Amino acid sequence: MGEVRQALFDSALRLTTPTSSPTLLELAHDAKVGFKDARVTVDNMRRAGVLVVVRTRVVSYRNRPVAEYCTPARLEVLGVKRCALRDAFASWATPIV
């Protein structure tokens, strides 16, 4: 695991509470990495299943709600149940035509 990925993973574990999970900006700030690097790395971690989007939150710095991220091992802390079928659908890639 690279340094940026490890720092973001540790931040996700540290910042996840029963009431909220960190956003991309909060992860980048806590991990002390650049926003661009965090955005690319979190997207890769999400596709690999290392981080999952648990909900969205309205923030003052964006017009749209932002995603909150969590590690799959910490989903029980949030009260979110894992669903094998949902995980299977999320892991399928769209076919290249």
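Residues numbered from 1 in each chain as written. Predicted model: local features only at pLDDT ≥ 70, side-chain atom pairs only at ≥ 80, totals over all residues. Heavy atoms only, no water.

S.K.: Explanation requested: the overall build of the protein chain in the structure shown.
M.R.: Helix and strand content of the protein chain: five helices and two strands. Each helix and strand of the protein chain, placed in order from N terminus to C terminus, yields the pattern α-α-α-β-β-α-α. Taking all 97 residues of the protein chain together, the buried fraction comes to 27%. If you take every contact in the protein chain between residues at least 6 apart in sequence, the share linking residues at least 24 apart comes to 48%. Here the protein chain displays about 6,700 Å² of accessible surface, and carbon together with sulfur accounts for 58% of that area. (Helix = DSSP H or I, 4+ residues; strand = E, 2+ residues; numbered from the N terminus. Buried < 20%, exposed > 50% of the residue type's maximum accessible area, 1.4 Å probe, protein only. Contact = heavy atoms within 4.5 Å. Areas by Shrake-Rupley, 256 points an atom, 1.4 Å probe, with all protein chains shown as cover.)

S.K.: Even after reading the chapter, I still don't get helix α3 (residues 35-48), so can you show me in this structure?
M.R.: Note that an α-helix has 3.6 residues per turn; residues three or four places apart therefore point the same way. For α3, spanning 14 residues, the distance from its first C-alpha to its last is 20 Å, which sits close to the expected 20 Å at 1.5 Å a residue. Along α3, the positions that sit buried rather than exposed are Ala38, Thr41, Val42 and Met45. All buried residues of α3 lie within an arc of 105° about the axis, which places them on one face of the element. Pointing more than 90 degrees away from the buried face of α3 are the exposed residues Lys36 and Arg47. Where α3 is buried, its residues touch α1 (3-15), α2 (24-31) and β2 (66-70). (Expected span 1.5 Å × (residues − 1). Arc of directions from axis to C-beta.)

S.K.: Just checking my understanding: could you explain the environment of Leu8 for this structure?
M.R.: Looking at where Leu8 falls in the secondary structure, it is placed in helix α1. Note on Leu8: relative accessible area 0%, which makes it buried. Residues within four places of Leu8 in sequence aside, it is in contact with Leu27, Ala28, Ala31, Val33, Ala38, Thr41, Val42 and Met45.

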